[in-house]
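Below are the chains, spelled out letter by letter.
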Amino acid sequence: EVILGSVESIGEIAGAEVIKDIGVSAAKTVRAVPTASAVVVNGEKVDFDSYTIDGSNYFKLRDLASALSGTEKQFEVYWQDNGKDTTITLTSGRTYTAVGGEMEGKGSGAKDAVPSAWKIYLDSKMVDFASYTIEGSNYFNLRDLAKALDFSVEWDSAANAILINTAKGYTR
């Protein structure tokens, strides 16, 4: 059963390679604090519902896809549930299709974050992203996504801002 979208090439996923160097989330419940920094995407301030967990920033996947739609680093998100497994498939270079609820609300107050273990594929390759579930929504490590999708994430300490630039590639 397809919950939010469909996968055009599910047959390609069966023989997927695994990208092993992106990272895996810890196996314990942690506290997530709303990100206090401004977020700027390609020069424009964007209000994300994002959290800081153990010094890293976590964003809703669909919020980021929505914000990057129309750029050279855009990606589509498919959510599939076959009754046994939930699979998230990301396809780079495709315009994001909104499903509703994107960019709604901004987190307030610290929340419990439970590690997620989703099966995630990017362009038919299995990837491991650090991810957490917070009040029923899934949040993914921003730098993991930036590395996999090859967009720049920089920290501007003077402006207390996270800078996302899709015209530049990922560097640590």
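Residues numbered from 1 in each chain as written. Predicted model: local features only at pLDDT ≥ 70, side-chain atom pairs only at ≥ 80, totals over all residues. Heavy atoms only, no water.

### Topic: the side chain of Glu102
Argument step 1. Within the secondary structure, Glu102 is located in the loop between β9 (86-92) and β10 (111-115).
Argument step 2. Looking at Glu102, its side chain comes within polar contact range of the side chain of Tyr96, at 2.5 Å.
Argument step 3. A polar side-chain atom of Glu102 sits 2.8 Å from the main-chain amide nitrogen of Val99. (Helix = DSSP H or I, 4+ residues; strand = E, 2+ residues; numbered from the N terminus. Polar contact = N/O pair within 3.5 Å; in protein donor to acceptor, adjacent residues only side chain to side chain.)

### A word on helix α3 (residues 142-149)
Argument step 1. Buried within α3 we find Leu142, Asp144, Leu145, Ala146 and Leu149.
Argument step 2. N-cap assignment for α3: the residue whose side-chain oxygen lies 2.9 Å from the backbone N of Arg143 is Asn141.
Argument step 3. Count one or two residues on from α3 and you reach Asp150, which has phi positive near 60 degrees. (Buried < 20%, exposed > 50% of the residue type's maximum accessible area, 1.4 Å probe, protein only.)

### Observations concerning the packing of aromatic side chains
Argument step 1. For the structure shown, the criterion picks out five aromatic pairs.
Argument step 2. Aromatic pair Tyr51 and Tyr139: ring centres 5.2 Å apart, planes at 85 degrees, arrangement edge-to-face. Here Tyr51, found in strand β6 (residues 50-53), pairs with Tyr139, found in strand β14 (residues 137-141); they are 88 residues apart in sequence, far enough to count as distant. (Phe/Tyr/Trp six-rings, centres within 6.5 Å; stacked < 30°, edge-to-face > 60°.)

### Describing the environment of Val46
Argument step 1. Topologically, Val46 is positioned in the loop between β5 (44-45) and β6.
Argument step 2. The class for Val46 is buried, based on a relative accessible area of 16%.
Argument step 3. Those residues in contact with Val46 that lie beyond four places of it in its chain are Val39, Val41 and Met103. (Contact = heavy atoms within 4.5 Å.)

### Brief notes about the nonpolar core
Argument step 1. Counting residues in each nonpolar core, the largest one holds 29 residues, and the members touching the most others are Leu64, Phe75, Leu90, Phe151 and Ile164.
Argument step 2. Of all elements in the fold, only β4 (38-41), α2 (61-68), β8 (75-81), β9, β11 (119-122), α3 and β16 (161-165) reach the threshold of two or more residues within this core.
Argument step 3. Beyond its immediate chain neighbours, meaning those up to four positions away, Leu90 contacts Leu61, Phe75, Glu76, Val77, Ile120, Tyr121, Leu122, Asp123 and Phe129. (Core = buried A, V, L, I, M, F, W, Y, C linked by side-chain atoms within 4.5 Å.)

### Side note on the confidence of the model for the protein
Argument step 1. Chain-level statistics for the protein give a pLDDT mean of 85 and a share of 83% at 70 or above.
Argument step 2. Across residues 1-26, where pLDDT falls below 50, the model places 54 contacts with residues more than four positions away in sequence or in other chains. (pLDDT = per-residue confidence, 0-100.)

### A few points about unusual backbone geometry
Argument step 1. Even without being glycine, Met103 reaches a positive phi, approximately 60 degrees.
Argument step 2. Note that Met103 resides in the loop between β9 and β10.
Argument step 3. Of the residues examined, Met103 reaches a relative accessible area of 28% and is grouped as partly exposed.

### Considerations on the pairing of β8
Residues in a regular strand project their side chains so that they alternate between the two faces of the sheet.
Argument step 1. Within β8, five of the seven residues are buried, which leaves it mostly tucked inside the rest of the structure.
Argument step 2. Where β8 and β9 come together, seven bridges link them in antiparallel fashion. When the sheet's bridge partners are listed, Val77 is paired in β9 with Leu90.
Argument step 3. As consecutive antiparallel partners, β8 and β9 are separated by four residues, and within that stretch Gly83 has a phi angle of approximately 95 degrees, a positive value. (Pairing = 2+ DSSP bridges.)

### Observations regarding the sheet that holds strand β7 (residues 56-60)
Argument step 1. Strand order in the closed barrel formed by six strands is β3-β6-β7-β14-β13-β10, and the pairing between neighbours is antiparallel. When the angles between neighbouring strand axes are averaged without regard to direction, this sheet yields 40 degrees.
Argument step 2. Here strand β3 (residues 30-34) runs beside β6; their pairing, made up of two bridges, is antiparallel. Paired with Val33 across the two strands is Thr52, which belongs to β6.
Argument step 3. Set on the sheet, α2 makes contact with β7 and β14; between it and β7 the angle comes to about 80 degrees.
Argument step 4. Across the sheet, α3 lies against β7 and β14, angled at about 65 degrees from β14, the strand it touches most. (Axes fitted to C-alpha atoms, helices over the stretch in contact; angles between N-to-C directions.)

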